[in-house]
Amino acid sequence: MEIKKFKKFDDNFLWGASISAFQAEGASTKDGKGLSIQDVKKISEKYSDFSVAADFYNNYKEDIALLKEMGLSSFRFSISWTRIIPDGDGEINKKGITFYHNLIDELKKNGIEPIVTIYHFDLPYLLQQKGGWSNRDMIVKAFLKYSKVLFNEYAKKVKYWLTINEQNVMIMIGSKMKFLNGEDKKFNEKELYNQSHNMFIAQALVMEELHNNFPDCLIAPALNIVSIYPNSNKPQDYLAAMNASVMRNWYYLDAIVRGEYNPIMYKYLEDNNFLPDFRKGDYEILKKAKPDFIAFNYYTSATVKSEVNNFVEVEELIDQQRLFDVPGMFSYCENPNLEKTEYGWDIDSTGFRITMREMYERYRLPLMITENGLGYSEELNENNTVDDSYRIEYYEKHLNELRKCISEGIKVISYNAWTAIDIVSSHQGFSKRYGFIYVDRTEKDLKQMKRYPKKSFYWYKEYIKKLKD
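Residues numbered from 1 in each chain as written. Predicted model: local features only at pLDDT ≥ 70, side-chain atom pairs only at ≥ 80, totals over all residues. Heavy atoms only, no water.

**Description of the overall build of the chain**
Applicable threshold: Per the convention used, a helix needs a DSSP run of H or I reaching at least four residues, while a strand needs a run of E reaching at least two, with both numbered from the N terminus. Values of the radius of gyration come from C-alpha atoms, whereas the globule rule sets the reference at 2.2 Å times the count of residues to the power 0.38. Only protein chains enter the area calculation, which uses a 1.4 Å probe; residues under 20% of their type maximum are buried, those over 50% are exposed, and those in between are partly exposed.
A count of helices and strands for the chain gives 15 helices and 17 strands. In terms of C-alpha radius of gyration, the chain reaches 21 Å, essentially the compact-globule figure of 23 Å for 469 residues. Taking the principal axes of the C-alpha coordinates as reference, the chain spans close to 55 × 55 × 45 Å. Among the 469 residues that make up the chain, the fraction classed as buried is 62%.

Pasting the structure below:
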């Protein structure tokens, strides 16, 4: 549909950017913090680990000052579970509690709304050794305890809460890659869908906990959602795209939003002996938990066909934005109509609009964009900045699609770009940069970690200012 009359963004629309704790904070053993699975996993010698990262822990005031200068009104970040409870389920670390109080206070002092992610890929290592997300009795209890601590400490200051970041990514590629689980192993499909079910139960209880005790707060999942296209106009390819959408998107959102398992996905799990271990009362738990909105990360779309490729799995080519073949369901294929990023991800701003339309039409809940951005290898130029015009072009196209969605009546709370500052990529080191702000370090040389605004910093600042004027 061509938009002839654009609606304005609401005055209370939140313009922001995002980071995660393990990718930005550093200080991995400072002030009582325990080890997470990200602190102990094996990392290629060519990449940085997460021990220092962007040193946000020691530079958050300077970074927040830059965010204020940019004109941001929201900042999405995650809390490190092991900074709050070092072993995951024992004593509370007061220094960790104090750090996030200080961070939240600094944000609010600068007029920036905190958006807090409870869990973002950094499970306490001691919990992983006890079975992690596979150990239902242990993990549900520990996650609920941890969340209660956060709510009791910060819910009077924080309105927006996110439960689990990219649950679908952890499950979809958990059998393909090792970078998310902190162990030199891959999980089998049955175990992964048990983990997914345990996540559904844990976050449902957490949502209910927040609603019962802090009714002024809002809470949602934060999934990685993509629009999926059929490779042709053959009915079989359209059906394959529907299958892929169920596996990637609707299985997770149906369980979290509607409190029920998607029937197509249930049949797939049943036929392949992947059904999780349901317990009496599980559906009642899922039905009682109602998210207030849907948060989602969007980077690209995907294209599939019905025929199964002669696919040879190469681990380095599998990541959170590349689908893969699922026999009997779909087969991933390239889309020649789209440009690619330096790292091989399709660039599809129209898909951003399609994704928002699909979610809003299906669930009728407000949306929050929690990640959207472009990773690129960058270095400072002679002017101590980065001419990232490619990133500006990416954002301009995606934000234009966001304007169209809002004009079509889709309710959107906030747009949070990925990322505010350069951070360590989850599995591609510090060379893959997303930030509006350049952090001067390399994979191995920390230098002085100075901050330098990129060209996109000033562009985003002017973009927000024009909309507010």
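**Considerations on the environment of I392**
This is how the line gets drawn: Here, two residues are considered to be in contact whenever any of their heavy atoms come within 4.5 Å of each other.
Summarising the element assignment, I392 is placed in helix α14 (residues 389-407). On the accessibility criterion, I392 (9% relative accessible area) is buried. Measuring from C-alpha to C-alpha, the distance between I392 and G373 comes to 9.8 Å, with 19 residues separating the pair along the chain. Residue contacts for I392: discarding those within four places in its chain leaves K455, S456 and W459.

**Section: the packing of helix α7 (residues 136-154) against helix α9 (residues 189-213)**
As a reminder, the rule being used: Axes, fitted as lines to C-alpha atoms, cover a helix only where it is in contact. Angles between the N-to-C directions of the axes lie from 0 to 180 degrees. Throughout, the term roughly parallel applies to angles under 35 degrees, roughly antiparallel to angles over 145, roughly perpendicular to angles from 65 to 115, and oblique to all others. Crossings are assigned a handedness: left-handed for a near helix turned anticlockwise from the far helix by less than a right angle, right-handed for a clockwise turn. Residue classes follow a fixed rule: Ala, Val, Leu, Ile, Met, Phe, Trp, Tyr, Cys and Pro count as nonpolar, while Asp, Glu, Lys and Arg count as charged, and any other residue, Gly among them, counts as polar.
Two elements in contact, α7 and α9, have axes whose closest approach is 9 Å; the angle formed by their N-to-C orientations is 30 degrees. For the element pair α7 / α9, the angle class is roughly parallel. Here the hand of the crossing between α7 and α9 comes out right-handed. Contacts between α7 and α9 involve R136, I139, V140, F143, L144, S147, K148 and F151 from the former and H197, N198, I201, A202, Q203, L205, V206, E209 and L210 from the latter. Of the residues that constitute the contact of α7 with α9, the class distribution is ten nonpolar, four polar and three charged.

**Details of the nonpolar core**
The following threshold applies: We call a set of buried Ala, Val, Leu, Ile, Met, Phe, Trp, Tyr and Cys residues a nonpolar core when their side-chain atoms join them within 4.5 Å.
Counting 146 residues, the largest nonpolar core has W161, L402 and Y415 as the members making the most contacts within it. Of all the elements, helix α10 (residues 235-258) adds the most residues to this core, at twelve residues. Dropping the residues within four chain positions of it, Y415 is found in contact with F13, L14, W15, G16, F352, I369, N372, Y395, L399, L402 and Y460. By size, the runner-up hydrophobic cluster in this structure holds ten residues, among which are L14, Y160, L162 and A295.

**Re the pattern of salt bridges**
The test is simple: We define a salt bridge as a side-chain nitrogen of Lys or Arg found within 4 Å of a carboxyl oxygen belonging to Asp or Glu.
Inspection of every chain in the model, using the stated rule, returns 29 salt bridges. Across the pair E106 and K109 runs a salt bridge whose closest N-O atoms are separated by 3.3 Å. With E106 and K109 both in helix α5 (residues 94-109) and three residues apart, the pair spans about one turn of that helix. The salt bridge partner of K287 is E260, with a shortest N-O separation of 3.3 Å. With a gap of 27 residues between them, K287 in helix α12 (residues 282-288) and E260 in the loop between α10 and α11 (263-271) connect regions that are remote in the sequence. A network of salt bridges, in which partner residues are shared, links E378, D388, R391, D422, R433 and K454.

**Looking at the confidence of the model for the chain**
Convention followed: What pLDDT reports is the predictor's confidence in each residue, on a scale of 0 through 100.
In the predicted model, the chain carries a mean pLDDT of 93, and the fraction of residues at 70 or more is 93%. With pLDDT under 50 throughout, residues 314-318 is counted as low confidence; its partners more than four residues away or in other chains account for eleven contacts.

**Here we look at the sheet that holds strand β8 (residues 302-305)**
Filter applied, for reference: We treat two strands as partners when DSSP finds at least two bridges between them.
Taken in spatial order, the three strands make up an open sheet running β6-β8-β9, and their pairing is mixed. Each edge of the open sheet carries a strand with a single partner, namely β6 (228-230) and β9 (331-333). Here the average twist between neighbouring strands, direction ignored, is 45 degrees. In this fold α10 packs onto β6 and β8, with an angle of close to 165 degrees to the strand it touches most, β6.

**Some remarks on the packing of aromatic side chains**
Rule in force here: Here a Phe, Tyr or Trp ring, Trp counted by its six-membered ring, pairs with any other such ring whose centre lies within 6.5 Å, and the pair is stacked when the planes are under 30 degrees apart, edge-to-face when over 60, and tilted otherwise. Sitting over a ring, as applied to charges here, requires NZ of Lys or CZ of Arg to be within 6 Å of the ring centre and within 35 degrees of the ring normal.
Within this structure, the stated rule accounts for 47 aromatic pairs. With a centroid separation of 6.4 Å and an interplanar angle of 40 degrees, the aromatic rings of Y266 and F278 are classed as tilted. Note that Y266 is positioned in helix α11 and F278 in the loop between α11 and α12, a separation of twelve residues in sequence. The partly exposed category is assigned to F278, whose relative accessible area is 27%. Ring pairs connect the aromatic residues F9, F13, W15, Y394, Y395, Y415, F436, W459, Y460 and Y463, which therefore count as one cluster. In this arrangement the basic side chain of R83 is found over the ring face of F99, its NZ or CZ atom lying 5.8 Å from the centre. The ring of F6 carries R403 above its face, with NZ or CZ at 4.3 Å from the centroid.

**Focus on α10**
Convention followed: Multiplying 1.5 Å by the helix residue count minus one yields the expected span of that helix. One fitted axis covers the seven residues ending at a residue, a second covers the seven starting there, and the bend at that residue is the angle between these axes.
With 24 residues, α10 should cover 34 Å at 1.5 Å per step; its first-to-last C-alpha distance of 28 Å lies more than 12% under that length. Residue V246 marks the point of greatest curvature in α10, where the axis turns by about 50 degrees. Along α10, 18 of the 24 residues are buried, which leaves the element largely enclosed by surrounding structure.

**Digging into the environment of I413**
Looking at where I413 falls in the secondary structure, it is placed in strand β14 (residues 412-418). For I413, a relative accessible area of 16% gives the class buried. Separated by 122 residues in the primary sequence, I413 and P291 place their C-alpha atoms 14 Å from one another. Excluding anything up to four places from it in sequence, I413 contacts F13, L14, Y160, F293, P366, L367 and M368.

**Details of the environment of E166**
Note that E166 resides in the loop between β4 (160-165) and α8 (167-172). Note on E166: relative accessible area 3%, which makes it buried. In this structure, the C-alpha to C-alpha distance between E166 and A295, residues 129 residues apart in sequence, is 10.0 Å. Sequence-distant contacts of E166, that is, excluding residues within four places in its chain, are made with F121, A222, L223, N224, N297 and E371.

**Considerations on the side chain of Q195**
The condition is simple: Distance and chemistry together define a polar contact, namely a pair of N or O atoms within 3.5 Å, with one atom able to donate a hydrogen and the other to accept it when in protein, and with adjacent residues in sequence counting only for side-chain atoms on both sides.
Take Q195: it is sitting in helix α9. Among the polar contacts made by the side chain of Q195, one reaches the side chain of S134 at a distance of 3.0 Å. Beyond its immediate chain neighbours, meaning those up to four positions away, Q195 contacts W133, S134, I171 and F187.

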